[in-house]
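The primary structure of each chain is shown beneath.
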Amino acid sequence: MLKGWDTNLLSSEKKTLRSFFLLYILFTMMLLSILGAIYYNFQKDLMLQENRLKLSYLANAQILKLKSLHVNFETNRIYPRDKRFESAIYDSSKKEIFSTFPSKNINFDEVIYMQDDKIYLIKEPESYYLGTKYLVLEIPSDGKWVEVVYNTLMVYGAVIFLVFIVFGYFLLRLLLKPMREAIELLDRFIKDTTHELNTPVNAIMSNIEMIDTKSLDEKLARKIKRIDIGARTVSNLYQDLTYLTLSHKIISNDEDVNLKEIIDERIEYFSLFCDSKKLTVSFTCKAQSVLKIDRKKITKLIDNLFSNAIKYNKIRGMIDIVLNENYFEIMDNGRGINKDKIGEMFQRYARADESVGGFGIGLSIVHMIAAEYSLHVEITSEEKKWTKVRVSW
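Residues numbered from 1 in each chain as written. Predicted model: local features only at pLDDT ≥ 70, side-chain atom pairs only at ≥ 80, totals over all residues. Heavy atoms only, no water.

A. Expanded view of the overall build of the chain. When helices and strands are tallied, the chain shows eight helices and twelve strands. Along the three orthogonal principal directions, the C-alpha set of the chain runs to about 140 × 40 × 40 Å. Every one of the 393 residues in the chain was classed for burial, and the buried ones make up 39%. Carbon and sulfur atoms make up 56% of the accessible area of the chain, which totals about 23,500 Å². When the 55 basic and 51 acidic side-chain charges of the chain are each reduced to a single mean position, those positions are 2 Å apart. (Helix = DSSP H or I, 4+ residues; strand = E, 2+ residues; numbered from the N terminus. Buried < 20%, exposed > 50% of the residue type's maximum accessible area, 1.4 Å probe, protein only. Areas by Shrake-Rupley, 256 points an atom, 1.4 Å probe, with all protein chains shown as cover. Lys, Arg positive; Asp, Glu negative; His and termini not counted. Charge placed at Lys NZ, Arg CZ, Asp CG, Glu CD.)

B. How the structure looks around unusual backbone geometry. In this structure, Asp116 is a non-glycine residue whose phi angle is positive, near 55°. As for its position among the elements, Asp116 is in the loop between strand E3 (112-115) and strand E4 (118-123). Residue Asp117 is not a glycine yet carries a positive backbone phi of 60°. As for its placement among the helices and strands, Asp117 is situated in the loop between E3 and E4. Residue classification places Asp117 among the exposed positions, given a relative accessible area of 59%.

C. Expanded view of the pattern of salt bridges. Throughout the structure, instances matching the rule amount to ten salt bridges. Residue Asp264 pairs with Lys260 through a salt bridge whose shortest N-O separation is 3.0 Å. Of this pair, Asp264 and Lys260 both sit in helix H4 (residues 259-269), four residues apart, roughly one helical turn. Using a relative accessible area of 34% as the deciding quantity, one classes Asp264 as partly exposed. A relative accessible area of 27% places Lys260 in the partly exposed class. In this structure, Asp303 and Arg266 form a salt bridge, with 2.6 Å as the shortest nitrogen-oxygen distance. With Asp303 in helix H6 (residues 295-311) and Arg266 in helix H4, the pair connects residues that are 37 residues apart, well separated along the chain. Arg266 carries the same exposure label as Asp303, and that label is buried. The network of salt bridges with common partners includes Lys65, Asp82 and Arg84. (Salt bridge = Lys/Arg side-chain N within 4 Å of Asp/Glu carboxyl O.)

D. The arrangement of the side chain of Ser392 in detail. With respect to the helices and strands, Ser392 occurs in strand E12 (residues 386-392). The residues touching Ser392, leaving out its near neighbours within four places in the chain, are Asn326, Tyr327, Leu375 and His376. (Contact = heavy atoms within 4.5 Å.)

E. Summary view of the sheet that holds E12. Ordered by their spatial adjacency, five strands build an open sheet running E7-E9-E10-E12-E11, and the pairing between neighbours is mixed. Strands with a single pairing partner mark the edges of an open sheet, and in this sheet they are strand E7 (280-285) and strand E11 (376-382). Looking at each pair of strands side by side, their axes are set apart by 10° on average, direction ignored. The sheet contact formed by E7 and strand E9 (residues 318-323) spans six bridges and is parallel. Residue Cys285 lies in a different strand from E9, and its bridge partner there is Leu323. On top of the sheet, H4 reaches E7, E9 and strand E10 (327-332); it is set at about 170° to E7, its chief contact. (Pairing = 2+ DSSP bridges. Axes fitted to C-alpha atoms, helices over the stretch in contact; angles between N-to-C directions.)

F. Broad picture of the sheet that holds E4. In spatial order, the strands read E2-E1-E5-E4-E3; together these five strands make up an open sheet with antiparallel pairing. Of all the strands in the sheet, just strand E2 (96-99) and E3 have a single pairing partner and so form its edges. Going from strand to strand, the sheet's axes swing by 20° on average, the running direction of each strand aside. One ladder, built from six bridges, connects E4 with strand E5 (residues 134-140); its direction is antiparallel. Across the sheet, the residue bridging to Ile122 is Val136, located in E5.

Structure, rendered in structure tokens:
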């Protein structure tokens, strides 16, 4: 039902829409059940009223027989029976005097009712013949009316259910429209921003690389260093936005990649960022590991995890990187993530801490790359203490 309409939605929004649709279906089924019960009871009452006239006639005939037995009790003590029905008589205290059917649970508050596929009529004779206050007649219920009712409910219920589903589909489309427009507007903004960033970022990076900071005085060198950090930050953002908007067009060039070499390169690349926050970075290589993967994509994955470890760390914090044969992990002792938010971290635009800048797309990109190469990404964290991300294969 939602296929083709939720391709641009976040997983949380898809989940909300599917939950709404499920609740809508449950509500529809409950409404149909209530309407079905009302219709069933109506048809049941109609059937009972149709049988009431017939039973009243039989009851009157039975009362005449009871009267005759009452009058001729000395010569005839045989309780009158009839093949068309079963009967029983009760005194004023509702105690059984005589009965031809086994049921003992008689509802004296009703005139006619159905119980256990039997129809019961309760009649009060004009006189206490044989001490009788209540005459009860029992006949079997004709099951055909139930079959007719069920068939009617199935046909009309199915039609009404389909009508409600179609109505719900168009209602969901109306709910979906503003969300789609908002996301498309944000995506267009990202694409436009990415396009505008390309030229100035390349110009800044190229000119910074041409500056010999060793020949500058310390104060000016620090300024150039800050510019370099800022330029690299914008460059990383540009690369993330480009990957996010063009990932479906990027052709993977898989090769054997030595992860130790990649991690060493990224530690060197992010050294300026780490120095700016006085972070201590340690790298432990427990085993060499080679993956068949696109070099740019695994670099992008590591960059986003490393960038988050820096961004959400504290001043003079620590970052520990461990590489093993079938996994690598990056751990920091920064802000941590609330346990309720960990499951949402891979969603686009989700951020662990709103006070920290960024679009919230880093882990979304990590998830996309991991899914492409069947890598398993696990986040564990303790709020205000530490966060560890493990990528295994």
